[in-house]
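# Observations on the three-dimensional arrangement
Here's the letter readout for the chains.
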Amino acid sequence: MLTYYIVGNRSSKTFKPKKNIPEGSHQYELLKHAEATLGSGNLRMAVMLPDGEDLNEWVAVNTVDFFNQINMLYGTITDFCTEERCPVMSAGPKYEYHWADGTNIKKPIKCSAPKYIDYLMTWVQDQLDDETLFPSKIGVPFRRNFMSVAKTILKRLFRVYAHIYHEHFDSVMQLQEEAHLNTSFKHFIFFVQEFNLIDRKELVPLQELIDKLTTKDR
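Residues numbered from 1 in each chain as written. Predicted model: local features only at pLDDT ≥ 70, side-chain atom pairs only at ≥ 80, totals over all residues. Heavy atoms only, no water.

## Some points on the UniProt feature "binding site: Zn(2+)" (unreviewed entry) in the protein
Rule in force here: UniProt positions are given in the numbering used here, feature names are shortened, and annotations may be inferred rather than shown by experiment. Going along the chain from the N terminus, every DSSP run of H or I of four or more residues is numbered as a helix, and every run of E of two or more is numbered as a strand. The cut-offs for exposure are 20% and 50% of the maximum accessible area for each residue type, with area from a 1.4 Å probe on protein chains only; residues under the lower value are buried, those over the upper are exposed, and the others partly exposed. Throughout, a contact is declared for two residues whenever any of their heavy atoms are within 4.5 Å.
Those residues carrying the UniProt feature "binding site: Zn(2+)" (unreviewed entry) are C81, C86, H163 and H168 in this numbering. Over a stretch of 88 residues, the named residues converge on one spot in the fold, their C-alpha atoms separated by at most 9.9 Å. Checked against the element boundaries, C81 lands in the loop between α3 (55-76) and β3 (89-90). Looking at C81, the relative accessible area reads 4%, which means it is buried. Leaving out residues up to four positions away in the same chain, C81 has contacts with Y74, C86, A113, P114, H163 and H168. Secondary-structure assignment places C86 in the loop between α3 and β3. Take C86: its relative accessible area is 4%, and that puts it in the buried class. When neighbours within four sequence positions are excluded, C86 is seen to be in contact with C81, S112, A113, P114, H163 and H168.

## Structural notes on empty space enclosed by the protein
Formally: Note on definitions: the grid is 1 Å and covers protein atoms alone; a cavity is a set of points where a 1.4 Å probe fits but cannot get out; a pocket is an open set with protein on both sides within 12 Å along at least five of seven lines; lining residues have an atom within 4 Å of a point. Grid points are joined across faces, edges and corners, and a volume is the space filled by probe spheres set on the points. Each residue is assigned to one of three groups, with Ala, Val, Leu, Ile, Met, Phe, Trp, Tyr, Cys and Pro labelled nonpolar, Asp, Glu, Lys and Arg labelled charged, and all others, Gly among them, labelled polar.
According to the stated counting rule, one finds one cavity of 30 Å³ or more in the structure shown. Taken as a whole, the largest cavity holds about 30 Å³ of empty space. Taken together, L73, T76, I77, I164, V172, E177 and L181 make up the lining of the largest cavity. Looking at the lining of the largest cavity residue by residue, the classes come out as five nonpolar, one polar and one charged.

## A word on the environment of E202
As for its position among the elements, E202 is in helix α7 (residues 200-203). Judged by relative accessible area, which is 18%, E202 ranks as buried. Separated by 43 residues in sequence, E202 and R159 have C-alpha atoms that sit 8.8 Å apart. Apart from residues lying up to four places away in sequence, E202 is in contact with K155, F158 and R159.

## Observations concerning the layout of surface pockets
The space that makes up the second largest pocket amounts to roughly 220 Å³. For the lining of the second largest pocket, the secondary structure elements donating two or more residues are α5 (146-174) and α8 (207-215). A per-element tally of the lining of the second largest pocket places α8 first, with five residues. Classifying every residue of the lining of the second largest pocket by side-chain character gives six nonpolar, two polar and two charged.

## A look at the pattern of salt bridges
Heads up, the condition is: One side-chain nitrogen of Lys or Arg within 4 Å of one carboxyl oxygen of Asp or Glu is enough to make a salt bridge.
According to the stated counting rule, one finds four salt bridges in the structure shown. One salt bridge connects E96 with K110, and the closest N-O pair in it is separated by 3.7 Å. With a gap of 14 residues between them, E96 in strand β4 (residues 96-97) and K110 in the loop between β4 and α4 (113-128) connect regions that are remote in the sequence. For E96, a relative accessible area of 39% gives the class partly exposed. A relative accessible area of 56% means that K110 is categorised as exposed.

Structure, rendered in structure tokens:
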């Protein structure tokens, strides 16, 4: 089911409901800090851990933000990403993803891209809604396995970017969303590089683009 929310001055379609960070919470303040530093245009600086802040909390806030960004970006191209057009979840001819979450689906299954992305975004949503994993209250500690779960979330979210770039970039250009997609992906890559959150081998389907987007900022 598609939902809508306002971004800037335009109404945007999202694939899943937007995940909100409670206003007034410390995480909300961190999100505002992230948005303010992003506005400076220096993405390398924007992703750095702010002085005195907890790394888990910073990763949590940004993971929620990336979920919302990808949710919206994929929401713009759902009309083009159909069972017929995308019968497998791929990122170009060399890379195909099969879905398993280790709980409901233990053995990886081959499925269409829209089905895979639905499974993926629902799974991410469930993790973000779990207060024991992503605590929203001040003083509630993060679980020991938090970073491991966050890495899995980000690795899987990367696959949505990879699918959009490889299979739907023409549609993105037609919708004049390419600048938005490129900025979002560049922010995502700088963040995961800064804290070493995704193995290099997982990034291979978009390595050429990553090199292009990041070289001039080194």
